[in-house]
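Chain by chain, the residues:
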Amino acid sequence: MIGIIKEVLYSDAGSEFNNWVLLVFRILLAFELFRVHGLKKFRVENGEREHVPNPLHLPDKLNGLMATLADTVAPFLVMIGIGTRLVVLPIIGVTAIGYFVVHRHDNAEVRDVPYMYTLCFLFLLCIGAGTLSADHYIYSILTQ
């Protein structure tokens, strides 16, 4: 079990410069997701909250909860680098569904946003958070 946890947490971009770039990338990407999509979940316009599409026909509360967590809580965890490889999974799920299901018939300009978010968070899933993250510090504690 500890071995699996270590595999999930360990990440090194190869050099100090690369790890700093990965930190900046993580923070800017996650902040933008929260700023643009997360804050919409709390905003009320014309007396109504944002309508969250439900293409998978999940129960409305579950669908809203998943979208809200993926756009609000998960980005903060990504910025800090806590459980990054696991935390990006709901974000990828929501953005990929946005790309492949919700916007599949829209033009390229509309589809571009969920596509880019999906690719960027897939990159973080593969590469991890790097050495400048809570994941790295947790990993170093577990390997002592």
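Residues numbered from 1 in each chain as written. Predicted model: local features only at pLDDT ≥ 70, side-chain atom pairs only at ≥ 80, totals over all residues. Heavy atoms only, no water.

## Notes on the overall build of the chain
Item 1. Helix and strand counts for the chain come out as six helices and two strands.
Item 2. In sequence order, the chain lays out its α and β elements as α-α-β-β-α-α-α-α.
Item 3. Overall, the chain is about 55 × 30 × 25 Å in size when its C-alpha atoms are taken along their principal axes.
Item 4. Each of the 144 residues in the chain was classed as buried or not, and the buried ones make up 33%.
Item 5. The long-range fraction of contacts in the chain, counting pairs at least 24 apart against all pairs at least 6 apart in sequence, stands at 73%.
Item 6. Of the accessible surface of the chain, which amounts to about 8800 Å², a share of 68% is contributed by carbon and sulfur atoms. (Helix = DSSP H or I, 4+ residues; strand = E, 2+ residues; numbered from the N terminus. Buried < 20%, exposed > 50% of the residue type's maximum accessible area, 1.4 Å probe, protein only. Contact = heavy atoms within 4.5 Å. Areas by Shrake-Rupley, 256 points an atom, 1.4 Å probe, with all protein chains shown as cover.)

## Some remarks on the packing of aromatic side chains
Item 1. Applying the stated criterion to the full structure yields six aromatic pairs.
Item 2. A centroid spacing of 4.8 Å and a plane angle of 80 degrees characterise the contact between Tyr99 and Phe100, whose relative ring orientation is edge-to-face.
Item 3. Note on Tyr99: relative accessible area 17%, which makes it buried.
Item 4. The class of Phe100 is exposed, set by a relative accessible area of 55%.
Item 5. Put simply, the rings of Tyr99, Phe100 and Tyr115 pair up and form one aromatic cluster. (Phe/Tyr/Trp six-rings, centres within 6.5 Å; stacked < 30°, edge-to-face > 60°.)

## Focus: the UniProt feature "transmembrane region" (unreviewed entry) in the chain
Item 1. Those residues carrying the UniProt feature "transmembrane region" (unreviewed entry) are residues 17-34, 76-102 and 114-134 in this numbering.
Item 2. Secondary structure over residues 17-34 splits into 100% helix and 0% strand, and the C-alpha atoms at its two ends are 26 Å apart.
Item 3. The span residues 114-134 is 71% helical and 0% strand by assignment, and the distance between its end C-alpha atoms comes to 27 Å. (UniProt positions renumbered as here; feature names shortened; annotations may be inferred.)

## Focus on the nonpolar core
Item 1. Counting residues in each nonpolar core, the largest one holds 16 residues, and the members touching the most others are Leu29, Val78, Val88, Ile91, Phe121 and Leu124.
Item 2. Residue assignment for this core shows that the elements contributing at least two residues are helix H2 (16-38), helix H3 (60-80), helix H4 (84-102) and helix H5 (108-127).
Item 3. In this view, Ile91 contacts Leu33, Ala70, Ala74, Pro75, Val78 and Phe121; residues no more than four positions away in its chain are not counted. (Core = buried A, V, L, I, M, F, W, Y, C linked by side-chain atoms within 4.5 Å.)

## As for a nonpolar patch on the surface
Item 1. Taken together, Leu56, Leu58, Leu62, Leu65, Met66, Leu69 and Val73 make up a surface patch of nonpolar side chains, about 550 Å² in accessible area.
Item 2. Classification of Leu62 by relative accessible area gives partly exposed; the value is 39%. (Patch = residues over 30% accessible without salt bridge, like charges linked within 9 Å, V, L, I, M, F, W, Y side chains within 5 Å. Salt bridge = Lys/Arg side-chain N within 4 Å of Asp/Glu carboxyl O.)

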